[in-house]
Amino acid sequence: WFQKGDKNKDGRMNFKEVQRLLKMMNVDMNEDHALQLFQDADKSESGTLEGEEFVLFYKALTQREEVLSLFQDFSEDGKKLTLLELVDFLRQEQLEDQGTEQLAMELIDKYEPSETARARHVLSADGFLMYLCSPDGSIFNPQHRELWQDMSQPLCHYFISSSHNTYLIEDQIRGQSSIEGYIRALKRGCRCLEVDCWDGPNGEPMVYHGHTFTSKIPFREVVSTLGKYAFKTSDYPVILSLENHCSLEQQEVLAQQLKTILGEKLLTTTTNGRIPIQLPSPEEGQPFLSLTVPAPALQSVPVVAPCWGGPAFSVPGRNDAHGGNAAIPSTHQLLRALQPQSLMRGTQHSLALQKDKESLAQSLSDCVIYCKSVSFRGFQEARRHSRPSEISSFAEAKARKLIRDAGNEFVRHNAWQLTRIYPSGMRTDSSNYNPQEMWNVGCQIVALNFQTAGTEMDLCDGLFSQNGRCGYVLKPPFLRDEEAEQPPSCSPAHRVCLFPQVISGQQLPKVANSKEGAVIDPLVRVEIHGVPIDQARQETKYIENNGFNPRWDETLQFQLHMPELALVRFVVEDYDKTSRNDFVGQFTLAFANIKPGYRHIHLLSKDGTSIPPSSLFVHI
């Protein structure tokens, strides 16, 4: 801040520069008060602040009265917390009930800046604030940041972070195709990626959104990118959903490039060496890349293969219903399965196929191990004739209709077989549907346009920010039970009340493209996303002209009937009485990951990146 405020770079700051700096810091402070702070810090009485004097000014400016008051509630002398006083705070307020004395010792060693205080096992006010602002003082349970769930269950028992048309980084009609889309998605923990393959020049297959003006990238580059980035963020399987629109000749090239570039990363046999009947677990043979080949069928059905060692492919008609290897499908069957989709994936119509597209290359078919793509003809039909290792795909509207008409059956279906949901073809602007309603019935592969920021991607990031960001989150027990209902009727004893007290904000960012000198009027909205009965939102009053250290001290209240599925979203907005409020920052997490007590919420920008030191101070 000193470097930003020292306009003439002379190593000192006069009062006019300080006033300008306060505006930059989102502070609208009374001039007399600002001058008093300035003069108190100007120990040399030079009329300017240098080095340590600016540090004094900054500390006075950022002093946290609400934290100091809390500190003094537990400190007998008001200057330090003894080990026992800190233990009392941790037990009474933070609800830490296991190994509390050991935890208190660790926090002192970790956050107390004074060597003398550390030696005496006491925590100063500075150390107390450092603890509350650290990951240990975050609303997000630090233990759930690590891998903490059972990873030995079949893939259908997990929500899987999934991307739609991953190669696009803009809209669906004229947008740019780029390998950057794959890199960004994989770095975010995405485990199901989509590739649309079409014949390209010189025998080289290309990736782009067919029948549109999107740019094109060579399939070879996409596969090389997968080989490089697939397992940097997570070691667990990547599912590659490959939409094949290529001729037989270029299908051979697809298969050859997958095998050559990915090598052992590509899954080419089942994890146990047997005919695929059941789905493997994420931890079996990990990491691997599994390919699904959603053949462009009448229903836009993907072919998926998990990648235990590599991507897995699935091809319609490859195996019979009893697990044996079926005969290669007839030309007529393949013709039906491989009819090119229209641009709008929600619409269905047939196009004439070239003669060389009448069958699927055997070499490409051999790459599909799990997740054979099948057309959906009803839940009873699926139960009679489908296998757990198969997968069906639905456009968002079809999925909503199934939820509305046969929700309980949908829940039971998703307990034993994978389901993939994708956005409507009408979303040419790459907007997203609400993923929560799909997760509520146990749909695993809920594909979103990762390039489009907004509430939907906040929910996605919020759900998958846990469990080591591995891209897999274990579904609640009732969504893994083949006899479950949607959702199970819950007794009053099962309900949970959430009381978030929004206390204060710290150094909130300015609104993008705001006028110079403008200061925000922040309010906080808390949203519950979950089963329909739990959906709710409440907000605080707005604070005029203070984005630096606003105080709300307001307690909100929510009742949750199904906390296992609830996501909690904290949103800060700049209030505007004449138009729509402007977005300032947000943080979303699963209810199961919330730590009670006095906590900081470290805000994220619209695209999900951190914006330190912006935070909210709350009591849960």
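Looking at an unreviewed UniProt entry, the protein carries the name Phosphoinositide phospholipase C, with the source organism given as Cuculus canorus. We quote the UniProt Cofactor (unreviewed entry) comment for the protein here in full: "Ca(2+)". Listed in UniProt under the heading Catalytic activity (unreviewed entry), the comment for the protein reads: "a 1,2-diacyl-sn-glycero-3-phospho-(1D-myo-inositol-4,5-bisphosphate) + H2O = 1D-myo-inositol 1,4,5-trisphosphate + a 1,2-diacyl-sn-glycerol + H(+)".

Student: Would you explain the overall build of the protein in this entry?
Tutor: A tally of helices and strands in the protein yields 19 helices and 25 strands. When burial is assessed residue by residue, the protein has 55% of its 620 residues classed as buried. Long-range contacts, defined as pairs at least 24 residues apart, comprise 69% of the intrachain contacts of the protein with a sequence gap of at least 6. When the accessible surface of the protein is totalled, it reaches about 26500 Å², and 48% of it is carbon and sulfur.

Student: What should I look at first to understand the pairing of strand E5 (residues 158-163) in this one?
Tutor: Both faces of the sheet carry side chains from a regular strand, because those side chains alternate between them. Taking burial as the measure, the six residues of E5 include six buried ones, the bulk of the element. Side-chain alternation along E5 places Tyr158, Ile160 and Ser162 on one buried face and Phe159, Ser161 and Ser163 on a second face that is also buried. Two strands pair when backbone bridges link them, and E5 and strand E14 (residues 445-448) are joined in this way by four bridges, in the parallel orientation. Bridging across to E14, serine 161 finds its partner in valine 446.

Student: Help me out: how do you make sense of unusual backbone geometry in this one?
Tutor: Phi is mostly negative for residues that are not glycine, and the peptide bonds are mostly trans. Along the chain, proline 612 connects to proline 613 via a cis peptide bond; the corresponding omega equals 5°. Mapping proline 613 onto the fold places it in strand E25 (residues 610-619). With a phi angle near 60°, histidine 121 is a residue other than glycine that sits in the positive phi range. Here histidine 121 is to be found in the loop between helix H8 (115-119) and strand E4 (123-124). Residue histidine 121 is classed as partly exposed on the basis of its relative accessible area of 33%.

Student: Quick question: what am I supposed to make of the nonpolar core here?
Tutor: Soluble globular proteins tend to bury their nonpolar side chains together. Counting residues in hydrophobic clusters, the biggest one holds 67 residues, and the most contacted among them are Leu193, Val207, Phe219, Leu258 and Trp439. With six residues, helix H17 (residues 396-414) is the single largest residue contributor to this core. Taken together, domain 3 (155-296 + 361-479) and domain 4 (492-619) each give at least three residues to this core, which thus spans both. Setting aside anything within four residues of it in sequence, one finds leucine 193 in contact with Ser163, Thr166, Tyr182, Ala185, Leu186, Leu226, Val238, Ile239, Leu240 and Ser241. The next biggest cluster of nonpolar side chains, apart from the first, holds 31 residues, and it includes Ile139, Leu498, Ile543 and Val584.

Student: I'm lost on the packing of helix H3 (residues 31-41) against helix H4 (residues 51-62) in this one. Help?
Tutor: Packed helix pairs are characterised by how far apart their axes lie and by the angle those axes make with each other. Contact pair H3 / H4: the axes reach a minimum separation of 8 Å and the direction vectors enclose 140°. As the angle between them shows, H3 and H4 are arranged oblique. Pair H3 / H4 crosses with right-handed handedness. Facing Ala34, Leu37, Phe38 and Ala41 of H3, the residues of H4 in contact are Glu53, Leu56, Phe57, Ala60 and Leu61. Partitioning the contact of H3 with H4 into residue classes produces eight nonpolar, no polar and one charged.

Student: Help me understand the environment of arginine 420 in this model?
Tutor: Assignment of secondary structure puts arginine 420 in strand E13 (residues 418-422). Given the relative accessible area of 1%, arginine 420 is considered buried. A distance of 3.3 Å separates polar atoms of two side chains, one belonging to arginine 420 and the other to glutamate 194.

Student: Would you explain the side chain of aspartate 574 in this entry?
Tutor: With respect to the secondary-structure elements, aspartate 574 resides in strand E22 (residues 567-574). One buried charged residue, aspartate 574, forms no salt bridge at all, with the nearest opposite charge on lysine 510 at 9.2 Å. With residues up to four places along the chain from it excluded, the contact list for aspartate 574 reads Val511, Ile520, Asp521, Asn581, Asp582 and Val584.

Student: Help me understand a positive patch on the surface in this model?
Tutor: There is a patch of like positive charges on the surface, built from Lys7, Lys9, Lys16 and Arg20. With respect to the helices, strands and loops of the structure, arginine 20 is situated in helix H2 (residues 15-24).

Student: Is there a simple way to explain the packing of aromatic side chains in this structure?
Tutor: Given two aromatic rings, one states the distance between the centres and the angle between the planes to describe the pair. Following the criterion strictly, the structure yields 18 aromatic pairs and no others. Relative to tyrosine 472, the ring of tyrosine 236 lies with its centre 6.3 Å away and its plane at 70°, an arrangement referred to as edge-to-face. Here tyrosine 236 is found in the loop between helix H12 (219-229) and strand E9 (238-245), whereas its partner tyrosine 472 is found in strand E15 (residues 472-474), with 236 residues between them in sequence. Within the aromatic cluster, the residues linked to one another by ring pairs are Phe71, Phe74, Phe89 and Phe128. The lysine or arginine in question, arginine 174, covers the ring of phenylalanine 213, its NZ or CZ lying 4.7 Å from the ring centre. When the ring centre of tyrosine 208 is taken as origin, the NZ or CZ atom of lysine 216, which lies over that ring, is 4.5 Å away.

What counts, and where the lines are drawn
Residues numbered from 1 in each chain as written. Predicted model: local features only at pLDDT ≥ 70, side-chain atom pairs only at ≥ 80, totals over all residues. Heavy atoms only, no water. UniProt positions renumbered as here; feature names shortened; annotations may be inferred. Helix = DSSP H or I, 4+ residues; strand = E, 2+ residues; numbered from the N terminus. Buried < 20%, exposed > 50% of the residue type's maximum accessible area, 1.4 Å probe, protein only. Contact = heavy atoms within 4.5 Å. Areas by Shrake-Rupley, 256 points an atom, 1.4 Å probe, with all protein chains shown as cover. Pairing = 2+ DSSP bridges. Core = buried A, V, L, I, M, F, W, Y, C linked by side-chain atoms within 4.5 Å. Domains from an automatic or database assignment. Axes fitted to C-alpha atoms, helices over the stretch in contact; angles between N-to-C directions. Parallel < 35°, antiparallel > 145°, perpendicular 65-115°, else oblique. Left-handed = near helix turned anticlockwise from the far one by under 90°. Nonpolar A, V, L, I, M, F, W, Y, C, P; charged D, E, K, R; others polar. Polar contact = N/O pair within 3.5 Å; in protein donor to acceptor, adjacent residues only side chain to side chain. Lys, Arg positive; Asp, Glu negative; His and termini not counted. Salt bridge = Lys/Arg side-chain N within 4 Å of Asp/Glu carboxyl O. Patch = residues over 30% accessible without salt bridge, like charges linked within 9 Å, V, L, I, M, F, W, Y side chains within 5 Å. Charge placed at Lys NZ, Arg CZ, Asp CG, Glu CD. Phe/Tyr/Trp six-rings, centres within 6.5 Å; stacked < 30°, edge-to-face > 60°. Lys NZ or Arg CZ within 6 Å of the ring centre and 35° of its normal.

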